[in-house]
Every structure is written in C-alpha cells, then in structure tokens.
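Spelled out from the first residue to the last, the chains are:
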Amino acid sequence: MEFFTSAIDTMKVTVTALGGGLGVWGIINLLEGYGNDNPGANAHMR
C-alpha cells in the first residue's frame, strides 16, 4: 500500500508542476499579444 501512496504523491507533484507551467505559459502568451514593439509581426495587415 505504501507504493500506491508514494505513486499518488508523485502524480500530485507532477500534475501541479504541469498546471503551473501551463499557467505561466498562458500568461506570457497573453502578455505578448498586447505588445506593439514588433511591427514586423503584423506584416500581413495592411
């Protein structure tokens, strides 16, 4: 039974780390969308 407890704890840490990483990535993507510092990124807009 101790093996399953250890495996569940490891899964909790893994899921928490993945969730945090995805959250930070999402925030960075949102912030990048508000920048006007690269006019070349909007080259397709005329």
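In what follows, the structure referred to is the one given above.
Residues numbered from 1 in each chain as written. Predicted model: local features only at pLDDT ≥ 70, side-chain atom pairs only at ≥ 80, totals over all residues. Heavy atoms only, no water.

A. Local environment of the overall build of the chain. Each helix and strand counted, the chain has 1 helix and 0 strands in total. Buried positions account for 0% of the 46 residues belonging to the chain. Carbon and sulfur atoms make up 68% of the accessible area of the chain, which amounts to about 4,500 Å² in all. (Helix = DSSP H or I, 4+ residues; strand = E, 2+ residues; numbered from the N terminus. Buried < 20%, exposed > 50% of the residue type's maximum accessible area, 1.4 Å probe, protein only. Areas by Shrake-Rupley, 256 points an atom, 1.4 Å probe, with all protein chains shown as cover.)

B. Quick peek at the packing of aromatic side chains. In this structure the tally under the stated criterion is 1 aromatic pair. An angle of 70 degrees between the planes, with centres 5.7 Å apart, marks the rings of F3 and F4 as edge-to-face. Note on accessibility: F3 and F4 belong to one class, exposed. (Phe/Tyr/Trp six-rings, centres within 6.5 Å; stacked < 30°, edge-to-face > 60°.)

C. Local environment of helix 1 (residues 2–33). In this model helix 1 runs 47 Å from its N-terminal to its C-terminal C-alpha over 32 residues, within 8% of the 46 Å that 1.5 Å per residue would give. Within helix 1, only 0 of the 32 residues are buried, which leaves the element largely exposed. (Expected span 1.5 Å × (residues − 1).)

D. Inspection of a nonpolar patch on the surface at higher detail. A surface patch of nonpolar side chains, about 510 Å² in accessible area, is lined by I27, L30, L31 and Y34. Mapped onto the secondary structure, L30 falls in helix 1. The exposed category is assigned to L30, whose relative accessible area is 56%. (Patch = residues over 30% accessible without salt bridge, like charges linked within 9 Å, V, L, I, M, F, W, Y side chains within 5 Å. Salt bridge = Lys/Arg side-chain N within 4 Å of Asp/Glu carboxyl O.)

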